[in-house]
Amino acid sequence: MTLRVLARQEAQAELALPRSTYDYYAGGSGEEITLESNLAGWRGYRLRPRVLRDVAEVDTSTEVLGTRLAAPVVVAPSALHGLAHPDGEVATAAGTADSGSLLCLSTRSSVPLEEVAAAGSGADWWFQVYVMRDRELTEGLVRRAAAHGAKALVLTGDTPYVGLKKRTTEGLSVGSLHLANLAQHVAGGVVDQRATEQDPGIGLDVIGWLHEVSGLPVVVKGVLRGDDARDCVSAGAGGVLVSNHGGRQLDRAVPTALALPEVVEAVGAEVPVLVDGGVRTGVDALVALGLGASAVLLGRPVLWALAAAGRAGVTQCLDAVRADLAHVMALAGARSVAELPEGLVTR
Ligand code: FNR
């Protein structure tokens, strides 16, 4: 069922969006090997369901870093939602809140974070940070996010330089859109391209720095190895997000479904481990949870939903994945996220 809702929304988005925007969203880096294998990764696992476990009531709700969620399904940070819908991140925030989910807002939002925070009408949200060459700009941004109610920072660690995409983005027209979060704090509203690039020279110490500046837990995004996860937690990370940026950074990076068990093994007892990349169904999410993830994030499906039907589309997408998860949890003999059967997932 989820597949049907998500496939319909993607088809509608493909019709609604200019080709260059569709390609910008859909594409991956290099030969798109990681992009493809993210999807295949989840499908490579099999489930070992339990029977006769009274699944008349299934509870998908959970809590991650103090945020209550209707289901462990969260919206991944992605740039410039204004390309998908005129209301941009305002629609995403409202639709996400309607579904009881959590928006992780990108630094590269097309709407200022203050407006996005207001649109969620009180719902928790997290803020994704690129530590830019202009460190004061970064600090100001993070302070603004904390002041407007962000409950965690998500530090993207896998983007020292932007991955080169196979599908051309040459024709990508951003019209009057701009990086609204950054423009506000720059003289004359003109963003210096170089100053807002991710600083390729940052190291593990920025984790502590961001925590100090914001007072918020810092989740490191882009972790694909147990030893890296350990180093991030030692440096003060409050969580790790297993991600290869949806196959948009290092091509041939391992699919996240394969990296997840190693990261859970390394730090799962201490901090929440989240995962994204190719999660499209309730079963994908159940596999991730069974492997020890605290929650999954959806990237492209939410962009398609936004392009297809704005705020309502986003709610529909998240509700569909949540309903699908509840259904497959029942079939697997899992009454709640907290009490998943031991040994649920096998290869
Ligand atoms: C992204 N992603 C991303 N990540 C991030 O930390 N900051 C960002 O600004 C963006 N921007 C962005 C734009 C677009 C168009 C896409 C598709 C992705 C990566 C995103 O957070 C997430 O890791 C992946 O999208 C997850 O994979 P799926 O669900 O798209 O397969």
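You'll find the protein chain entered in an unreviewed UniProt entry as 4-hydroxymandelate oxidase, with Motilibacter rhizosphaerae given as the organism. Taken from UniProt, the Cofactor (unreviewed entry) comment for the protein chain reads in full: "FMN".

Caption draft 1: Focus on the packing of aromatic side chains. A complete count under the given rule lists four aromatic pairs for this structure. Here Tyr24 and Tyr25 contribute two aromatic rings whose centre-to-centre distance is 5.7 Å and whose plane-to-plane angle is 40°, an arrangement assigned as tilted. Aromatic pair Tyr25 and Trp304: ring centres 6.0 Å apart, planes at 65°, arrangement edge-to-face. Note that Tyr25 is positioned in helix H2 (residues 19-26) and Trp304 in helix H12 (residues 300-332), a separation of 279 residues in sequence. With relative accessibility at 3%, the residue Tyr25 sits in the buried group. Given a relative accessible area of 5%, Trp304 falls into the buried group. Ring pairs connect the aromatic residues Tyr22, Tyr24, Tyr25 and Trp304, which therefore count as one cluster.

Caption draft 2: Main features of the environment of Asn181. By secondary structure assignment, the location of Asn181 is in helix H7 (residues 180-183). Of the residues examined, Asn181 reaches a relative accessible area of 1% and is grouped as buried. Between the C-alpha atoms of Asn181 and Ser106, which are 75 residues apart in sequence, the distance is 9.3 Å. Excluding residues within four positions of it along the chain, Asn181 makes contact with Ser106, Thr107, Ser109, Val111, Pro112, Leu113, Phe127, Leu141 and Arg144.

Thresholds, definitions, all that
- Residues numbered from 1 in each chain as written.
- Predicted model: local features only at pLDDT ≥ 70, side-chain atom pairs only at ≥ 80, totals over all residues.
- Heavy atoms only, no water.
- UniProt positions renumbered as here; feature names shortened; annotations may be inferred.
- Phe/Tyr/Trp six-rings, centres within 6.5 Å; stacked < 30°, edge-to-face > 60°.
- Helix = DSSP H or I, 4+ residues; strand = E, 2+ residues; numbered from the N terminus.
- Buried < 20%, exposed > 50% of the residue type's maximum accessible area, 1.4 Å probe, protein only.
- Contact = heavy atoms within 4.5 Å.

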